[in-house]
Amino acid sequence: MSYRATFDCLWCGTAWTTRGPRDLEGWALLCPTCLGKAGSNPFLKGRLRGALADRAAATSVAAPGSAATPEPAAPRRAAAPPAYPAFPDDWFLRRGAFERGAIHDAAWAAELDMVTRWLDGLPLAGRIVEPAAGVGFFSPLLAEKGELSAYDADGAALDRARDRLLAHRLRAHLHVADPFARDADPFAGDPNAAAPDPGADAVVAAFLLGRVRGAGLDLAAASFRASLRAGGHLALIDLRNDPAGGPPPGIAWTWHDPALVEAALGRAGFTDLRLTGTGRFFLTASAVAR
């Protein structure tokens, strides 16, 4: 399949315009409504599978990981921007262009510390997957808890993540890959094998759900579930709708109502859902794969 920014849905005929080459709709040539029905329709499911494969091939494909070293990307079929541009260190630390004044920056730092302590308190262990790890702000914490596989389409961001891990004398598998490309997950295993790998013990996704919209919320939740073994833990960190605490400029964002996030996770096969967060800036969620 080839990507098209504007098209008429192949199933219902609805005219649709995507935001960019990361939207699956443009690869499947299906509107979000029809894409969301892919699980129950063979034609739509086939279009979805092909779209996922072609989108991954058009960005980058990584070989299985090496310790704390980004994998060189395979030659790209077509030039494309990083799937999900990484949030820079200055954004996390409210430095330089991201300073918002002493009161704001102190509140931000306090809530970011709350999120970090929340993540540290979760029962994460064993094989841990961190999609869209970016510059690896949370990666050292996760690498201390288990065998971490972190991946991102932005190789330069993973260079920073590698430096951060090495500074803490920690090791991890780093992969340059689409965060939703299951083939890039070293714990996914071969589903056709006689005894396929059951999946990772934990998935931690920070600032990823806001990068999808419409049916993408269900697809993201399904991707998280597909990477996990039964009983595995999911941890999500995202942004509340606060203009001063939003993503860096130039990154498209969708503010999802927490109830919609909870519903999508439930449909994907998660239970024990716990949505919490901080007072102003961050939304956190944990769940267990059925």
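Before reading on, note that the structure itself is shown above.
Quick look at the structure, then.

Tallied over the full model, the rule gives 16 aromatic pairs. Ring centres of Trp-91 and Phe-92 lie 5.0 Å apart, and the angle between their planes is 85 degrees; on these two criteria the pair is classed as edge-to-face. An identical accessibility class is assigned to Trp-91 and Phe-92; each is buried. Their ring planes at 5 degrees and their centres at 4.2 Å tell us that Phe-92 and Phe-137 sit as a pair that is stacked. Highlighted residues: Phe-92 in helix H4 (residues 89-93) and Phe-137 in the loop between strand S4 (126-131) and helix H6 (139-145), separated in sequence by 45 residues. Here Phe-137 falls in the partly exposed class, since its relative accessible area comes to 23%.

Let us look at the pairing of strand S6 (residues 173-176). As defined by bridge partners, strand S5 (residues 146-152) adjoins S6 across four bridges and the pair is classed as parallel. From the neighbouring strand, Asp-152 faces S6, where its bridge partner is Val-176. Read from S5 through helix H7 (residues 155-167) to S6, the crossover connection turns out right-handed.

Bringing a nonpolar patch on the surface into the picture now. Together, Leu-10, Trp-11 and Phe-43 line one region of the surface with nonpolar side chains, adding up to about 300 Å² of accessible area. Owing to a relative accessible area of 45%, Trp-11 belongs among the partly exposed residues under this scheme.

On to the pairing of S5, then. Buried residues dominate S5, accounting for five of its seven residues. As paired elements, S4 and S5 share six bridges and run parallel to each other. Residue pairing for S5: Glu-130 is matched across the bridge by Ala-150.

Okay, the environment of Arg-100 next. When you line up the elements, Arg-100 lands in the loop between H4 and helix H5 (102-121). The residues touching Arg-100, leaving out its near neighbours within four places in the chain, are Arg-94, Asp-105 and Ala-244. A polar contact of 3.1 Å, which involves the side chain of Arg-100, links it to the backbone oxygen of Ala-97. Only 3.3 Å separates the side chain of Arg-100 from the backbone oxygen of Phe-98, close enough to count as a polar contact.

A rise of 1.5 Å per residue sets the reference length of H5, with its 20 residues, at 28 Å; its end C-alpha atoms lie 29 Å apart and thus fit the reference within 8%. Among the residues of H5, His-104, Asp-105, Trp-108, Glu-111, Leu-112, Val-115, Trp-118 and Leu-119 are the ones counted as buried. Within H5, the buried residues cover an arc of 145 degrees as seen down the axis, which keeps them to one side. Away from its buried face, by an angle of more than 90 degrees, H5 presents the exposed residues Ala-102, Ile-103, Arg-117 and Gly-121. The elements touched by buried residues of H5 are H4, H6, strand S7 (200-206), strand S8 (228-239), strand S9 (270-277) and strand S10 (282-289).

About the cut-offs
Residues numbered from 1 in each chain as written. Predicted model: local features only at pLDDT ≥ 70, side-chain atom pairs only at ≥ 80, totals over all residues. Heavy atoms only, no water. Phe/Tyr/Trp six-rings, centres within 6.5 Å; stacked < 30°, edge-to-face > 60°. Buried < 20%, exposed > 50% of the residue type's maximum accessible area, 1.4 Å probe, protein only. Helix = DSSP H or I, 4+ residues; strand = E, 2+ residues; numbered from the N terminus. Pairing = 2+ DSSP bridges. Right-handed = clockwise from strand over helix to strand, strands pointing away. Patch = residues over 30% accessible without salt bridge, like charges linked within 9 Å, V, L, I, M, F, W, Y side chains within 5 Å. Areas by Shrake-Rupley, 256 points an atom, 1.4 Å probe, with all protein chains shown as cover. Salt bridge = Lys/Arg side-chain N within 4 Å of Asp/Glu carboxyl O. Contact = heavy atoms within 4.5 Å. Polar contact = N/O pair within 3.5 Å; in protein donor to acceptor, adjacent residues only side chain to side chain. Expected span 1.5 Å × (residues − 1). Arc of directions from axis to C-beta.

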